[in-house]
Amino acid sequence: MSEVYPQYYSTRDAAKTQVSFEEALLAGLAPDGGLYVPTTVPEVPDADWRDAATFDDLAVNVLGHWLAGEIGAATLANLVRDALDFPVPVVLLGDDVGVLELFHGPTLSFKDFGARTMARLMSHFLARRGERLTILVATSGDTGSAVADGFAGQDNIDVVLLYPKGKVSDVQERQLIVARPGVRAFAVEGSFDDCQRLVKAAFVDPELAHLPLSSANSINIGRLLPQSLYYLWAARSYETAPLICVPSGNLGNLTGGVLASRMGLGVPRFLVAHNANDFFPRYLDARAEAYAFRDTVATLSNAMDVGAPSNFERLDALVGAETMRDELRGSSISDEATRARMAEVYRHEHYLACPHTAVGLEAIARYRQQSGDDRPVLNLATAHPAKFPDAFREALGLEPPTDPALDQLWQQDVAVEPLTPSLDVFREVLLDTVEVSS
Ligand SMILES: *Cc1c(COP(=O)(O)O)cnc(C)c1O
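Bear in mind the structure is a predicted one, so any value in this text is a computation, not a measurement.

### Focus: the overall build of the protein chain
Working step 1: Tallying secondary structure elements over the protein chain gives 18 helices and 13 strands in all.
Working step 2: Its C-alpha atoms give the protein chain a radius of gyration of 20 Å, within 12% of the compact-globule value 22 Å for 438 residues.
Working step 3: C-alpha extents for the protein chain along the principal axes are approximately 60 × 55 × 45 Å.
Working step 4: Of all 438 residues assigned to the protein chain, the portion counted as buried reaches 59%.

### A look at the packing of aromatic side chains
Working step 1: Scanning the model with the defined rule gives 15 aromatic pairs in all.
Working step 2: With 4.6 Å between their ring centres and 75° between their planes, Phe 279 and Phe 293 make a pair best called edge-to-face. Here Phe 293 lies in the loop between α12 (279-284) and α13 (312-327) and Phe 279 lies in helix α12, a separation of 14 residues in the sequence.
Working step 3: Between the aromatic rings of Phe 293 and Phe 312, the centroid separation amounts to 6.2 Å while the plane-to-plane angle is 85°, which identifies the pairing as edge-to-face. One end of the pair, Phe 293, is in the loop between α12 and α13; the other, Phe 312, is in helix α13, with 19 residues separating them in the sequence.
Working step 4: Connected via pairs of aromatic rings, a cluster forms that spans Phe 55, Phe 86, Phe 113, Tyr 230, Tyr 231, Trp 233 and Phe 270.
Working step 5: When the ring centre of Tyr 283 is taken as reference, the NZ or CZ atom of Arg 325 above it lies at 4.2 Å.

### Describing the pattern of salt bridges
A side chain with one charge may pair with a side chain of the opposite charge, provided their charged atoms come close.
Working step 1: Counted by the stated rule, this structure contains 24 salt bridges.
Working step 2: For Glu 22, the salt bridge is made with Arg 128, and the minimal N-O distance between the two is 3.3 Å. Placement of Glu 22 in helix α1 (residues 21-27) and of Arg 128 in helix α5 (residues 111-129) is noted, with a sequence separation of 106 residues between them.
Working step 3: Looking at Glu 22, the relative accessible area reads 12%, which means it is buried.
Working step 4: Ionic pairing is found between Arg 184 and Glu 417, a salt bridge with its closest N-O pair at 2.5 Å. Placement of the pair is Arg 184 in strand β7 (residues 183-188) and Glu 417 in strand β13 (residues 417-419), with a sequence separation of 233 residues.
Working step 5: The exposure class of Glu 417 is partly exposed, given its relative accessible area of 29%.
Working step 6: When salt bridges that share partners are traced, they join Glu 22, Arg 128, Arg 129 and Glu 131 into one network.

### Overview of the site of the ligand
Working step 1: Near the ligand you find 15 residues, and of these Lys 111, Asp 142, Gly 249, Asn 250 and Thr 382 are the closest.
Working step 2: Between the ligand and the protein, one listed contact pairs an oxygen atom with a backbone N or O atom of Gly 249 at 2.8 Å.
Working step 3: Between an oxygen atom of the ligand and a main-chain N or O atom of Asn 253, the distance comes to 2.8 Å.
Working step 4: About the coverage of the ligand: the protein hides 98% of its 390 Å² of free accessible area.
Working step 5: Of the residues that constitute the shell around the ligand, the class distribution is 6 nonpolar, 7 polar and 2 charged.

Parameters and conventions
- Residues numbered from 1 in each chain as written.
- Predicted model: local features only at pLDDT ≥ 70, side-chain atom pairs only at ≥ 80, totals over all residues.
- Heavy atoms only, no water.
- Helix = DSSP H or I, 4+ residues; strand = E, 2+ residues; numbered from the N terminus.
- Rg over C-alpha atoms; globule rule 2.2 N^0.38 Å.
- Buried < 20%, exposed > 50% of the residue type's maximum accessible area, 1.4 Å probe, protein only.
- Phe/Tyr/Trp six-rings, centres within 6.5 Å; stacked < 30°, edge-to-face > 60°.
- Lys NZ or Arg CZ within 6 Å of the ring centre and 35° of its normal.
- Salt bridge = Lys/Arg side-chain N within 4 Å of Asp/Glu carboxyl O.
- Near = heavy atom within 4 Å.
- Polar contact = N/O pair within 3.5 Å; in protein donor to acceptor, adjacent residues only side chain to side chain.
- Areas by Shrake-Rupley, 256 points an atom, 1.4 Å probe, with all protein chains shown as cover.
- Nonpolar A, V, L, I, M, F, W, Y, C, P; charged D, E, K, R; others polar.

And the structure:
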């Protein structure tokens, strides 16, 4: 009768001191700078996901196995149904390749799943505590808009978001800087890693220790749990679990998949598709130089431009190096090969794949050719093609698709401020902005 629910410990805490989900969610990064990892992954009975009639039914069932110890069933159900109210279709291409479209949420990328669910969970716990929080978020494109949109107007929560100026597409930038209640956006003169470094530094800065700050990057465990749900949903229609290809940057989406696999899906193999930022594929190949993170390289699939994937540390703590090398196959895809794949899949399947999705499709083609393994594969489509009009002009000589949600952005007011990538400057901003709860 009494189910044991996971607790959480920091990757950097040898003593594995346990905290609740609420605590891990509201903290984001652990106080020692580590990432929270669940003490156990619940086994979810087949009926709870295979037999779910709708995606939100599945989400309510599955998240219950994680969270029911801390949040009432009716509250959880309301909050999850409100967050995940968009379709999650699988489109079949030829040769047993399925595409799981994760871009039908309001900001048109898979980041909506995590951000919207997390915003509502945080707001719930903060209201119960009578506290408020400021969310710091570094984004290479899609996280910021999903977080800004998912958290905007939520009681007790403000958002400060940093993005690398000139390194996101026009549409992505517009999605970031549209004026939203409770959101301040900063264009940082630097790379995504600079943005992420500032955020990480702020969390451990003694002079900011009195401010109620938290994160919404994929370092937050509250984003990872919702990112496990669609793996289970999409795999329902297969008799045995397919291979799954994950276009990856910070490895948060992949970590969600690994959790789903451990909950009972049993994915036989994950293909982990990176662009030219190839730390993880090198690591999986066990090449000696692989152990160093690298500076970020700008690519066509810019939401995956991450030289130092933050979830690596968590994945390592969760499954260990040996299992990673056993179960995961990495690849690194150039921009040229990405464009060629976009053109190929359009010509042969009339399917419009965004550059990130195309990195995955190319990785699948290579894996099959090299391994001879032709089992069914599911590729995650992580963003809507309309977010990357320039890529379509370049790859296909084609005017890109449009989407009403994007078209109406150009009519809205914007609010954005410049920022140099210095902790001293950022500290002043936060000291000026953040309200301390009384
Ligand atoms: C964030 C993002 C990715 C990478 O996901 P990670 O969880 O960082 O590995 C891939 N594609 C798109 C479109 C994204 O927004």
